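Structure at a glance
Residues per chain are reported as follows:
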Amino acid sequence: MIQLGRDVLWPLDLMTLCGYHMEVRESTHQISPYSVQHGMVGKQVPLIETASGRVLLANMADPDRQALLNLFSEATGQKPPFITRDGVLETLLAKVRKLGVGIRSADFTPETGSISAPIWYEDRVFACLTLIWSTSSLSLEKSLLLYREKLLQTADAISRDLVGNLTSAEIAQFREAS
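Residues numbered from 1 in each chain as written. Predicted model: local features only at pLDDT ≥ 70, side-chain atom pairs only at ≥ 80, totals over all residues. Heavy atoms only, no water.

A few points about the sheet that holds strand β1 (residues 12-18)
Strand order in the open sheet made by the six strands is β3-β2-β1-β8-β7-β6, with antiparallel pairing throughout. Strands with a single pairing partner mark the edges of an open sheet, and in this sheet they are β3 (44-46) and β6 (102-104). Across the sheet, the axes of successive neighbouring strands diverge by a mean angle of 30°, strand direction being ignored. Here strand β7 (residues 112-121) pairs with strand β8 (residues 124-134) via ten bridges, running antiparallel. Note that in β8 the partner of T112 across the bridge is S134. (Pairing = 2+ DSSP bridges. Helix = DSSP H or I, 4+ residues; strand = E, 2+ residues; numbered from the N terminus. Axes fitted to C-alpha atoms, helices over the stretch in contact; angles between N-to-C directions.)

See below:
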């Protein structure tokens, strides 16, 4: 994570699910020359409005995703269909599955955008690695072009360390077979 942060210069956050929020567990904001936010560790961010929440939801089994969205709905009072500034959640999740990364351009903090790659432990997303940039400097499309593969490779390297050198593609094959 630190190596990628030094390469791309934009800040990265390692996120995990905490209740019906995503929580920053580790961050490179303190070493990023482009970060305007520090002290991110421990900060909770919205589930459906963030790239990390979207990549987590997109890769969950249907019953698990529905249970989490029910918890989210009960806790926030929001009812399905969930609609964000970036679009209808189900449409966004389909796009995330196709891209392999979570995306955010208008929601949560519109002055920044983010993409997030899943970190797998066995057959579940254990955490998410999220790259954040200034939307005045970079579009979502350009960030995907520049950083998607690097982010996925770094998330895969972390996943392999957790599960004994399996890639996310190999894990996906095991999930489909079971």
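As for the pattern of salt bridges
A full pass over the atoms with the stated rule returns eight salt bridges. Residue R54 is joined to D86 by a salt bridge in which the shortest nitrogen-to-oxygen separation is 2.8 Å. Linking R54 in helix α2 (residues 51-58) with D86 in the loop between β4 (83-84) and β5 (87-88), this pair joins segments that are 32 residues apart in sequence. Both residues of the pair, R54 and D86, belong to the buried class. Each member of the salt-bridge network shares a partner with another, and the members are R54, R85, D86 and D107. (Salt bridge = Lys/Arg side-chain N within 4 Å of Asp/Glu carboxyl O. Buried < 20%, exposed > 50% of the residue type's maximum accessible area, 1.4 Å probe, protein only.)

Remarks on unusual backbone geometry
The amide bond that connects P80 to the next residue, P81, takes the cis arrangement and shows omega of 0°. Counting through the fold element by element, P81 comes out in the loop between α3 (62-76) and β4. Of note, L9 is a non-glycine position whose phi angle comes to about 75°, a positive value. When you line up the elements, L9 lands in the loop between α1 (2-8) and β1. Assessed through its relative accessible area of 32%, L9 is described here as partly exposed.

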